[in-house]
Amino acid sequence: MKFPRREFLIHTGTGASLAFLPVEWLFDTGLAHAQPAAPGLDPRLTWTKAPCRFCGVGCGVMVGVKEGKVLAVAGDELSPVNRGLLCIKGYSLPGVLYGEDRLTHPLIRTNGTLKQASWDEALDLIAARFQETLAAHGPTAVAMYGSGQWTISDGYVASKWFRAGMGSNNVEANARLCMASAVTGFITSFGLDEPMGNYDDLEAADVLVLWGNNMAEMHPVLFSRILESRRQRPEVRIIDIGTRRTPTTEWADQFIPMQPQGDLALANAIAHVIIESDRVNQDFVRAHTVFRRGKENIGYGLEDNFKFEDQPTKMDFDQFRAYLADYTPEKAAGPSGVPAETIRQLAEVYADPKVKVVSLWCMGMNQHVRGTWINNLVNNLHLLTGKIGRPGNNPFSLTGQPSACGTVREVGTLAHRLPADMVVTNPEHRKLAAEIWDVPVEQIPPTPGYNTVEMFRALDRGDIRTMWIQCTNPMVTMPNLHRYRNATEKQGRFIVVSEIYPTPTTEIADVILPSALWVERTGMFGNSERRTQHWFKVVDPPGEATPDVWQQMEVARRMGYGKLFDYGQDYEREIFEEYRRFTLGHGHDLAGYDDYVEHRGLRWPVVDGKETPYRYVEGFDPYVPAGAGYHFYGNEKKTGGKAVIWARPYEPPAEVPDSDYPLWLTTGRVLEHWHSGSMTRRVPQLHAAVPAAYVELHPDDARRLAVQAGERVRLVTRRGQLELNVVTEGRGQPLPGSVFVPFFDEGKLINHLTLDAYCPISKQPDYKKCAVRVEKIAAAEG
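### Quick look at the overall build of the chain
- A count of helices and strands for the chain gives 28 helices and 33 strands.
- The C-alpha atoms of the chain give a radius of gyration of 25 Å, which matches the 28 Å a tight globule of 782 residues would have.
- With respect to the principal axes defined by its C-alpha atoms, the chain has extents near 70 × 70 × 60 Å.
- Here the chain, with 782 residues, has 66% of them falling under the buried criterion.
- In the chain, once contacts between residues fewer than 6 apart in sequence are set aside, the share between residues at least 24 apart is 73%.
- Accessible surface, the chain: about 26,000 Å² in total, of which carbon and sulfur atoms supply 50%.
- For the chain, the distance from the average position of its 84 positive side-chain charges to the average position of its 94 negative side-chain charges is 2 Å.

Structure representation (structure tokens):
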């Protein structure tokens, strides 16, 4: 069926300048006639380049300033990422800065009441509490929970302070909730994290296969590039695989409905068809891949202190072929929900050597109790066919935060990581870190800290006593939220929150620190295509707000760790150049600080001043020797530089519908709001467009429940309940037997209902699959 089209395409006159924007919002604000092109920028304003503050695309923004205030933004036509385009959230950046309730002064909670304090009072209290916790409970009792919105310097200083200063690996970031499975998928398949391709693949591909990925709303600028490519080359095809019809479906050439968790069976069945039809690129497979089989029936991370370590065993091609014998299209049709003939059609897309294929995914594959596995299985399709590392032929994971890649993944702000794909469990990696940080190697603990879910479980148990939360809103975003909200309120817990606005997370804080946002400070981000970007401060933050990195260093100095942070006034440059030392010489090379000031981003590795558009491929990647063709050098020690094709089975989710809870519940985002909505809900036009959360029901389910659009229903899971208004013919529509709820609304916390099961390898929770009951609310209740 066709859905009401609430978006339209703006053409800015530059050939490729298309952007999705809600028509009612644009005309209400006059932005339908905005000028996103650099040549037409208003000369009354001073314009400066910066990357966008929202999703991981890394769009270039021109920031217009007058009299110390950001008055306008425009798409940067010179940016190779967005070429002058911005989405609705990008155009809203000035409004995000100037909400009426910005936090402007430190606050300390005394006898349950927040009172304004000086910076010295707040920082001294935080330092004292960290020191008390270390003395009484040791370094495993302190924690830092950061963000993919952290700048590179924010994340680097946090990691250095905790690991080299306090001797704790309890540094985590909210990107664990959104892209950890992509990390473990890339590392287990290729030996190193992050995509080998780049955004140019969007124009080079003949077919783009979207695995549970609503790009039209979540990455609209990149999706616009795909649509423009199809306009110029009508043979380009978009295939949308999903458990819900979305605005992406409307623009797709083919929609393939799929059962929740069915992607595992589907990907294996595609591989089966490729092999049985003799379409494997045998030359590539023999020269550049090996086969492995990991543990199976691996659990769901539901128990506190859950532990798992995969133990791969070797296979050969014939054994892998036999392993897939149970994944014929006919057999896979059941668990996947995809008809056998459609599976064969998909297999033909991947198998045809004349067709360039890009696989794209985001939360659908990553927020998954077998997230690492499905990442491996999609990577398998590219390896079996040799469609990898070349323009238009790549697997590509998209990210949802501006520096989930540049900070969390590259700097390494996860409990087991060090910068540049190094890990705390590797003695050589710890030795290098100790040399750069000038501390004894014994200071850096070899045991990983708590992953995000386990970190909040430890807070609940009392194993963590002091936690600092920066740049994120876990009291909206954590799954099974009741448990973790209650944990913060237990006796003996001390919570620090650095924020820009009041949120449900600041409600539980003992100390609140006001933070500078975006161009109120100098910083650097890294986007989904390995592009590191720099910007300068152009306006002052409101009141006494300060950068997160400054707050961290000031507390560390008060605790006696000043030697670690002996930087001058230009500390952003000094921090970056120190961090850069970790990256050189092993395929992660970053350029010098001044190179990023000059350019609109560079894609690492940057060697001899040249960025790398495609990794692992001779002629593109300087780390691949002449004559090798391909070299997956991250796997040098494990496989001799070959990629891994994994045997991974279909296994069911942690929780499935039953007679008491007969429907699937999935959660996600909407075009207008970003994540927990703490910024976008303060932009009047965005808030007016989607003012509250709702529940999408398929019309068949609505009829069965005898409810109509606009009526209120009660959603009930084993963990909680929530009342929401029904939408049946909206922008999106779930398949029969499932419901969808966006999570941006702090007044309607759907995560009270979600399950904190996670992928045992990536430790990323599954927000897409749990069992729910929908109850009609009687008139007397309403």
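On we go from here.
### As for the sheet that holds strand 29 (residues 712-716)
- Judged by pairing direction, the barrel is mixed, and its six strands sit side by side in the order 27-32-28-30-29-33 before closing back on the first. Strand-to-strand, the axes of this sheet are offset by a mean angle of 45°, without reference to chain direction.

### Here's the deal with unusual backbone geometry
- Residue Pro-605 is reached from Trp-604 by a cis peptide bond, and omega for that bond is 0°.
- Residues other than glycine seldom take positive phi values, yet Asp-278 does so here, at roughly 60°.
- Judged by relative accessible area, which is 63%, Asp-278 ranks as exposed.
- Here Ala-420, not a glycine, exhibits a phi torsion of approximately 60°, which is positive.
- Among the residues examined, Ala-420 registers a relative accessible area of 4% and is labelled buried.

### Comments concerning helix 15 (residues 340-351)
- Here helix 15 contains 12 residues, and its C-alpha end-to-end distance of 16 Å stays within 8% of the 16 Å for a straight helix at 1.5 Å per residue.
- Along helix 15, the positions that sit buried rather than exposed are Ala-340, Thr-342, Ile-343, Leu-346, Ala-347, Val-349, Tyr-350 and Ala-351.

### Details of the sheet that holds strand 7 (residues 113-116)
- If you walk across this open sheet you meet the seven strands as 7-6-22-21-20-8-9, and the pairing is mixed. Because the sheet does not close on itself, it has two edges, and the strands there are strand 7 and strand 9 (171-173). Each neighbouring strand pair of the sheet contributes to a mean axis angle of 20°, computed without reference to strand direction.
- As paired strands, strand 6 (residues 107-110) and strand 7 are joined by four bridges and run antiparallel to one another. In the strand pairing of strand 7, Arg-109 is matched with Leu-114.

### Considering the pattern of salt bridges
- Overall, the coordinates contain 62 salt bridges when judged by the stated rule.
- Here Glu-296 ties to Arg-293 by a salt bridge, and the two come within 2.9 Å at their closest N and O atoms.
- Between Asp-570 and Arg-573 there is a salt bridge, with its nearest N and O atoms 2.8 Å apart.
- Put simply, Asp-304, Glu-454, Arg-457, Asp-460, Arg-461, Asp-463, Arg-483, Lys-490 and Asp-756 are held in one network by salt bridges that share partners.

### Notes on the packing of helix 6 (residues 180-190) against helix 17 (residues 371-385)
- Remark: helix 6 packs on helix 17, axes separated minimally by 8 Å, with the N-to-C direction vectors making an angle of 45°. Relative to helix 17, the element helix 6 is oriented oblique. Judged by the twist between their axes, the crossing of helix 6 over helix 17 is right-handed. Listed contacts from helix 17 to Ser-181, Ala-182, Thr-184, Gly-185, Phe-186, Thr-188, Ser-189 and Phe-190 of helix 6 are Gly-371, Thr-372, Asn-375, Asn-376, Asn-379 and Leu-383.
- Taken together, the residues of the contact of helix 6 with helix 17 break down into four nonpolar, 10 polar and no charged.

What counts as what
- Residues numbered from 1 in each chain as written.
- Predicted model: local features only at pLDDT ≥ 70, side-chain atom pairs only at ≥ 80, totals over all residues.
- Heavy atoms only, no water.
- Helix = DSSP H or I, 4+ residues; strand = E, 2+ residues; numbered from the N terminus.
- Rg over C-alpha atoms; globule rule 2.2 N^0.38 Å.
- Buried < 20%, exposed > 50% of the residue type's maximum accessible area, 1.4 Å probe, protein only.
- Contact = heavy atoms within 4.5 Å.
- Areas by Shrake-Rupley, 256 points an atom, 1.4 Å probe, with all protein chains shown as cover.
- Lys, Arg positive; Asp, Glu negative; His and termini not counted.
- Charge placed at Lys NZ, Arg CZ, Asp CG, Glu CD.
- Pairing = 2+ DSSP bridges.
- Axes fitted to C-alpha atoms, helices over the stretch in contact; angles between N-to-C directions.
- Expected span 1.5 Å × (residues − 1).
- Salt bridge = Lys/Arg side-chain N within 4 Å of Asp/Glu carboxyl O.
- Parallel < 35°, antiparallel > 145°, perpendicular 65-115°, else oblique.
- Left-handed = near helix turned anticlockwise from the far one by under 90°.
- Nonpolar A, V, L, I, M, F, W, Y, C, P; charged D, E, K, R; others polar.

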